[in-house]
Amino acid sequence: QVQLVESGGDLVQPGGSLRLSCAAAGSIFAIYVMGWYRQAPGKQRELVAHIWRNGSTNYADSVKGRFTITRDNAKNTMYLQMNSLKPQDTADYYCNGHIRNYNDYESHGYWGKGTQVTVAT
């Protein structure tokens, strides 16, 4: 079984920074695309950024130039550096990964349980 665990969420003032982490654990053969999603109260979950195994990335327009997604394939860990945070970035942030484990011949999508980010004075 595979688990994704997010960490790093906190209360931060507007203009501040946070770094989120997502660690994958379990019987992992390979991790393909990984992504960060967020869900604000009363809104649908939305994509923040994706990163592929080769390091290619894409971002939602709302976070371009402020957020940076990275991953450490050796540690099965993904990060999201968030700078110049705005109140509208307030949300629960979720990690997603397409992962193949040793007991399977194909990859499956997994979700973490989320970490809360609040941007407020």
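Residues numbered from 1 in each chain as written. Predicted model: local features only at pLDDT ≥ 70, side-chain atom pairs only at ≥ 80, totals over all residues. Heavy atoms only, no water.

Asks: What is the right way to look at the state of the cysteines in this model?
Replies: Simply put, the disulfide is a covalent bond whose two ends are the sulfur atoms of two cysteines. Going through the model one piece at a time under the given rule, you end up with 1 disulfide. Between the sulfur of Cys 22 and that of Cys 95 lies a disulfide, 1.9 Å long from S to S. Disulfide Cys 22-Cys 95: torsion about the S-S bond near -65°, hence left-handed. Highlighted residues: Cys 22 in strand β3 (residues 18-26) and Cys 95 in strand β9 (residues 91-101), separated in sequence by 73 residues. Residue Cys 22 is classed as buried on the basis of its relative accessible area of 0%. (Disulfide = S-S within 2.5 Å. Helix = DSSP H or I, 4+ residues; strand = E, 2+ residues; numbered from the N terminus. Buried < 20%, exposed > 50% of the residue type's maximum accessible area, 1.4 Å probe, protein only.)

Asks: I keep staring at empty space enclosed by the protein and nothing clicks. Help me out?
Replies: In this approach a probe as big as a water molecule rolls over the atoms, and the regions it shows empty are the leftover space. All told, the structure shown has 1 cavity of 30 Å³ or more when counted by the stated rule. Taken as a whole, the largest cavity encloses approximately 40 Å³ of empty space. Surrounding the largest cavity, Ile 31, Met 34, Arg 53, Arg 71, Asp 72, Asn 73, Asn 76 and Thr 77 form its lining. Residue assignment for the lining of the largest cavity shows that the elements contributing at least two residues are β4 (28-39) and β7 (67-72). In terms of residue class, the lining of the largest cavity is built from 2 nonpolar, 3 polar and 3 charged. (1 Å grid on protein atoms, 1.4 Å probe; cavity = no way out; pocket = protein on both sides within 12 Å on 5 of 7 lines; lining within 4 Å. Points joined across faces, edges and corners; volume = space filled by probe spheres on them. Nonpolar A, V, L, I, M, F, W, Y, C, P; charged D, E, K, R; others polar.)

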